[in-house]
Amino acid sequence: MVNITLTTDFRTRDSYVAQMKGAILSINPAAQIVDVTHAIPPQNVSRAAVIIDEIASAFPSGSIHLAVVDPGVGSSRALLAAEAAGQRFLAPDNGLLTVLFRRSAPARVHYLTEDRFWRKPVSATFHGRDILAPVAAHWSLGADIAEFGPPVSVVELVQLPIAEPWREGRAVVGRVEAADSFGNLLTNIREADLPPGDPRALSIVIGPRRITGISRCYADEAYGSLVVLMGSSGRLEIAVVNGSAQHVLNVADGTEIRVEPAGSE
Amino acid sequence: MVNITLTTDFRTRDSYVAQMKGAILSINPAAQIVDVTHAIPPQNVSRAAVIIDEIASAFPSGSIHLAVVDPGVGSSRALLAAEAAGQRFLAPDNGLLTVLFRRSAPARVHYLTEDRFWRKPVSATFHGRDILAPVAAHWSLGADIAEFGPPVSVVELVQLPIAEPWREGRAVVGRVEAADSFGNLLTNIREADLPPGDPRALSIVIGPRRITGISRCYADEAYGSLVVLMGSSGRLEIAVVNGSAQHVLNVADGTEIRVEPAGSE
Amino acid sequence: MVNITLTTDFRTRDSYVAQMKGAILSINPAAQIVDVTHAIPPQNVSRAAVIIDEIASAFPSGSIHLAVVDPGVGSSRALLAAEAAGQRFLAPDNGLLTVLFRRSAPARVHYLTEDRFWRKPVSATFHGRDILAPVAAHWSLGADIAEFGPPVSVVELVQLPIAEPWREGRAVVGRVEAADSFGNLLTNIREADLPPGDPRALSIVIGPRRITGISRCYADEAYGSLVVLMGSSGRLEIAVVNGSAQHVLNVADGTEIRVEPAGSE
């Protein structure tokens, strides 16, 4: 039984997600469909790119991850199938796989051009249902990626600009990438990016606030405290214990966060 | 494996949807349950009627579609099982199947009266869990529709009033039926309703705005443009490229939309 | 096929829920995962405790119910596996199973300490993915509860305070526990708690409002009426026909509700 996961900005108020599931199940009735999220901010390809990277390591190998955040639907933008990190991916060629590919170079990437795998007629506004979903179903049944269309090399793909943390003297500067639904601020700083030394002695600066020490978990600190910790996806995050750092700090995505070694204040 | 889809106004904050799923799985542990949406506006039978019509053509034949938007629960309103368009449906007799039946006359419709298929005791406020869900499960296991209760003819069923587009001279007048979660305005005008001639030469009038030409897809026009196109369910829709037509136009459901042939301005 | 249900405060905007599902499916690809809700108010263990109690009787026996509302994640709070009411449960030891255990004393409760059942490395902030989900998967495949860690007796567990209704003369006084997504106010008063006599002759007092009689269903009363009825989980609830009692009455959780026999006004 192959898992097919779905990541979209469709929300679940309408029938769009169900129509995609129907298209999959019409071809492979035994597909195991798993919703990742349908609440990507509308047309926010960058957020989807991070989510796809987060789930790639959480599913059994061979799982198929279908992502549709696709403002260019119906235009000349291409659609892709890719194999990377032991997983399989389907997405528009709009940068959605950039974060994943930065960490795990794909083994194979193909354009989707072979319309014998598609649902007919193909709507100009819903390639998720009419192309990506049926291709996912055929892939889950044993089709080879090379059947879907010609190969493409990674350098030809659309890339999203990705902000990587950088060094300023002994400090590391990154940025807030998103807030999760608890209001935790997720950053682009990974453990390996941190200045050397005891994490409890580091200083984290965001706007006018300075926080000392990376905590191990939320419950280590008092109710309402601002804490910094290494989140479950291996990136630094800023949280308020039993509260929302997004509300308390009121910072926008992209805000800089600075990590300084002990004694640099 | 039979698919059972669920369409309700229950939201997913409470345990209602899960209780329905539990009731189904208690009878048929192998049922493949697919959520369509649980975010129908509360008690909005008309919106549910459109959604059910949209998904009927998206699922494998024989799928069971269970819909509960049921302000009359516990009263004398009847419950129905129906076969139409190669699919199976379960819903209150409150007009929820009107849009579907207008397009695909049902082969068989039966009342649900045989309580041996029900969960006991039957709550007066949750027939979705206690009657519809167990009937869906038994149906998926091979029960015949005629076992659930006596047949009923379509003319005896509760009908929703459905606004169809009409002609005014050479123009066609329809209305906005709903906004989807992208803020696209969905109308009741189908391709066959359009005035003859090149779709790119038609004028679409909504309130004080006039839009020229039906676009093929969102990406055909500039960021922020107001566009009209044939949506993925085959009905005209009004959109803002990478934005929300609902916010830009600020029109209510039911607002008239007028399609005029070239030269009628 | 064993059902594994999920109840969390994670929302579905992020990838957290999908990561848990991936962790389960990585161990048991045939697990049947059912979402109960991911919209528990953040860190509201009391609300989760009621939800878990509601679903325990709705699923096939042997189902595994995994609940994560876990402000203490990463601290010294324990994690539990329990068998009660013919069902299986996994949750933090923070009172989440209190309501269930009050009604159905557990047959067996064990701490989760055997890390051979866990996903490695264990994040300090996501035990749902790294401990509870893999344990659920192993349990669904036949592991015995005793393999997960040492037994614990109920008296040693963290308990939530639970407000039970009380008698004042001939009246019964309870409280509003939550509003559901229709705006119905759910109380802690069960049928057995009611004063004796005809339910249609009882008076229900909430704030300045007095409602006479317990209705059988919403549709028994006129559009917009305030009604009291026995809800589908067997507890008294206050509703507005085709409307929201939460909006009309504007009362907070915890508000007292008083049920008086006929003639006590």
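Residues numbered from 1 in each chain as written. Chains lettered and ligands numbered in written order. Predicted model: local features only at pLDDT ≥ 70, side-chain atom pairs only at ≥ 80, totals over all residues. Heavy atoms only, no water.

Peer 1: How do you make sense of the overall build of chain A when you look at a structure like this?
Peer 2: Within chain A one finds five helices and 15 strands. A globule of 265 residues ought to have a C-alpha radius of gyration of about 18 Å, and chain A, at 21 Å, matches this closely. Projected onto the principal axes, the alpha-carbon positions of chain A cover approximately 65 × 40 × 35 Å. Evaluated residue by residue, chain A yields a buried proportion of 59% over its 265 residues. Pairs at least 24 residues apart make up 64% of the contacts formed inside chain A by residues separated by at least 6 positions. Put simply, chain A shows about 10000 Å² of open surface, and 51% of that area lies on carbon and sulfur atoms. Of the side chains in chain A, 23 bear a positive and 28 a negative charge, and the two mean positions are spaced by 2 Å. (Helix = DSSP H or I, 4+ residues; strand = E, 2+ residues; numbered from the N terminus. Rg over C-alpha atoms; globule rule 2.2 N^0.38 Å. Buried < 20%, exposed > 50% of the residue type's maximum accessible area, 1.4 Å probe, protein only. Contact = heavy atoms within 4.5 Å. Areas by Shrake-Rupley, 256 points an atom, 1.4 Å probe, with all protein chains shown as cover. Lys, Arg positive; Asp, Glu negative; His and termini not counted. Charge placed at Lys NZ, Arg CZ, Asp CG, Glu CD.)

Peer 1: Help me out: how do you make sense of the interface of chain C and chain A in this one?
Peer 2: Interface size, as often reported, equals the accessible area lost upon joining of the parts. Between chain C and chain A, the contact holds 30 residues from the first and 32 residues from the second. Taken over both partners, the interface formed by chain C and chain A buries close to 2500 Å², and the fraction arising from carbon and sulfur atoms is 52%. If you look at where chain C meets chain A, you find one salt bridge. Two residues, Asp14(C) and Arg47(A), come together in a salt bridge whose shortest N-O distance is 3.1 Å. Between chain C and chain A we count 10 residue pairs in polar contact (both at pLDDT 80 or more) in total. Considering each element in turn, the side of chain C that touches chain A owes the most residues, eight residues, to helix 1 (residues 16–27) of chain C. Broken down by class, the residue content of the side of chain C that touches chain A amounts to 12 nonpolar, 11 polar and seven charged. (Buried area = accessible area lost by both parts, 1.4 Å probe. Salt bridge = Lys/Arg side-chain N within 4 Å of Asp/Glu carboxyl O. Polar contact = N/O pair within 3.5 Å; in protein donor to acceptor, adjacent residues only side chain to side chain. Nonpolar A, V, L, I, M, F, W, Y, C, P; charged D, E, K, R; others polar.)

Peer 1: How should I be thinking about the layout of surface pockets in this particular structure?
Peer 2: In this approach a probe as big as a water molecule rolls over the atoms, and the regions it shows empty are the leftover space. If you add up the space inside the largest pocket, you get close to 770 Å³. Taken together, 29 residues line the largest pocket, and the ones lying closest to its centre are Thr12(A), His38(A), Thr12(B), Thr12(C) and His38(C). Contributing elements (two or more residues each) for the lining of the largest pocket: helix 1 (16–27) and strand 2 (32–37) of chain A, helix 1 (16–27) and strand 2 (32–37) of chain B together with helix 1 and strand 2 (32–37) of chain C. (1 Å grid on protein atoms, 1.4 Å probe; cavity = no way out; pocket = protein on both sides within 12 Å on 5 of 7 lines; lining within 4 Å. Points joined across faces, edges and corners; volume = space filled by probe spheres on them.)

Peer 1: I tried to follow the packing of aromatic side chains on my own but got confused; where do I start?
Peer 2: Note on aromatic pairs: each is described by the distance of the centres and the angle between the planes. For the coordinates displayed, the defined rule picks out 18 aromatic pairs over all chains. Ring centres 6.2 Å apart and planes at 70° place the aromatic pair Phe10(A) and Tyr16(A) in the edge-to-face group. We classify Phe10(A) as buried; its relative accessible area is 9%. Ring geometry for Trp139(A) versus Phe148(A): centroids 5.7 Å apart, planes at 85°, classification edge-to-face. Phe148(A) carries the same exposure label as Trp139(A), and that label is buried. The rings of Phe10(A), Tyr16(A), Phe126(A) and Phe182(B) are connected pair by pair, giving a single aromatic cluster. (Phe/Tyr/Trp six-rings, centres within 6.5 Å; stacked < 30°, edge-to-face > 60°.)

Peer 1: Any chance you could explain the sheet that holds strand 3 (residues 64–68) of chain B here in plain terms?
Peer 2: Residues and elements named next belong to chain B. Spatially, the six strands line up as an open sheet ordered 2-1-3-5-4-6, and their pairing is mixed. Only two strands of the sheet have a single partner each, and these edge strands are strand 2 and strand 6 (108–111). Neighbour-to-neighbour, the strand axes of this sheet turn through a mean angle of 20°, independent of strand direction. Note: strand 3 against strand 5 (residues 87–92), three bridges, orientation parallel. When the bridges of strand 5 are listed, Leu66 appears paired with Leu90. Relative to the sheet, helix 2 (residues 45–56) contacts strand 1 (3–8), strand 2, strand 3 and strand 5, its axis offset from that of strand 1 by approximately 155°. (Pairing = 2+ DSSP bridges. Axes fitted to C-alpha atoms, helices over the stretch in contact; angles between N-to-C directions.)

Peer 1: Quick question: what am I supposed to make of the environment of Val172(A) here?
Peer 2: Residue and element names in this part refer to chain A. Turning to its location among the elements, Val172 is positioned in strand 8 (residues 171–179). Of the residues examined, Val172 reaches a relative accessible area of 2% and is grouped as buried. Residues Val172 and Arg258 lie 86 residues apart in sequence; the distance between their C-alpha atoms is 5.7 Å. With sequence-adjacent residues up to four places away left out, Val172 is seen in contact with Pro165, Trp166, Arg167, Asp193, Leu194, Pro195, Ile257, Arg258 and Val259.

Peer 1: Explain the packing of helix 1 of chain C against helix 4 (residues 127–140) of chain C here, please?
Peer 2: Helix-helix packing is characterised by the crossing angle of the two axes and by the distance between the axes. Residue and element names in this part refer to chain C. Where helix 1 meets helix 4, the axes come as close as 8 Å, and the angle between the chain directions of the two elements is 35°. Here helix 1 runs over helix 4; the crossing is right-handed. Taking contact as the criterion, the partners of Gln19, Met20, Ala23, Ile24 and Ile27 in helix 1 are, on helix 4, Gly128, Arg129, Ala133, Pro134, Ala137 and His138. When the residues that make up the contact of helix 1 with helix 4 are grouped by side-chain class, the tally is seven nonpolar, three polar and one charged. (Left-handed = near helix turned anticlockwise from the far one by under 90°.)

Peer 1: What am I meant to see in the sheet that holds strand 6 (residues 108–111) of chain C here?
Peer 2: Adjacent strands of a sheet form backbone hydrogen bonds with each other and so pair up, either parallel or antiparallel. Spatially, the six strands line up as an open sheet ordered 2-1-3-5-4-6 (chain C), and their pairing is mixed. Looking at which strands have only one partner, the edges of the open sheet turn out to be strand 2 and strand 6 of chain C. Going from strand to strand, the sheet's axes swing by 20° on average, the running direction of each strand aside. Bridge count between strand 4 (residues 79–84) of chain C and strand 6 of chain C: four bridges; the pairing is antiparallel. Bridge pairing links Glu83(C) to Arg108(C) in strand 6 of chain C. Together, strand 1 (3–8) and strand 2 of chain C form the strand contacts of helix 1 of chain B, whose direction differs from that of strand 2 of chain C by roughly 150°. The sheet contacts of helix 1 of chain C involve strand 1, strand 2 and strand 3 (64–68) of chain C, and relative to strand 1 of chain C the element is tilted by about 155°.

Peer 1: Would you take a moment to explain the environment of Glu256(B) for this structure?
Peer 2: All names here are of chain B. Assignment of secondary structure puts Glu256 in strand 15 (residues 256–260). Since its relative accessible area comes to 45%, Glu256 is described here as partly exposed. If we ignore the near neighbours within four places in the chain, the residues touching Glu256 are Trp166, Val173, Gly174, Arg175, Val205 and Ile206.

Peer 1: It is not clear to me how the pattern of salt bridges should be interpreted in this structure. Could you clarify?
Peer 2: A side chain of one charge can pair with a side chain of the opposite charge if their charged atoms are brought near each other. All names here are of chain B. Overall, the coordinates contain 53 salt bridges over all chains when judged by the stated rule. One salt bridge connects Arg119 with Asp130, and the closest N-O pair in it is separated by 3.3 Å. Of the two residues, Arg119 sits in the loop between strand 6 and helix 4 (127–140) while Asp130 sits in helix 4, which places them 11 residues apart along the sequence. Judged by relative accessible area, which is 0%, Asp130 ranks as buried.

Peer 1: Looking at this model, I keep getting lost on empty space enclosed by the protein. Mind explaining?
Peer 2: Here the structure, examined in full by the defined rule, presents six cavities of 30 Å³ or more. Of the volumes computed, that of the largest cavity is approximately 430 Å³. Forming the boundary of the largest cavity are 31 residues, of which Val73(B), Thr125(B), Phe182(C), Asn184(C) and Tyr218(C) lie nearest the centre. Among the secondary structure elements, those contributing two or more residues to the lining of the largest cavity are helix 4 of chain B together with strand 9 (185–190) and strand 14 (235–240) of chain C. No other element matches the five residues that strand 14 of chain C contributes to the lining of the largest cavity. For the lining of the largest cavity, the residue count by class is 13 nonpolar, 12 polar and six charged.

Peer 1: Looking at this model, I keep getting lost on the relation of the copies chain C and chain A. Mind explaining?
Peer 2: With an RMSD of 0.0 Å, chain C superimposes on chain A once it is rotated by 120° and translated 0.0 Å along the axis. What the rotation and shift describe, once combined, is the action of a three-fold rotation axis. By C-alpha distance to the rotation axis, the residue of chain C lying nearest is Gln32(C), at 5.3 Å. (Least-squares fit on C-alpha atoms with pLDDT ≥ 70 in both.)

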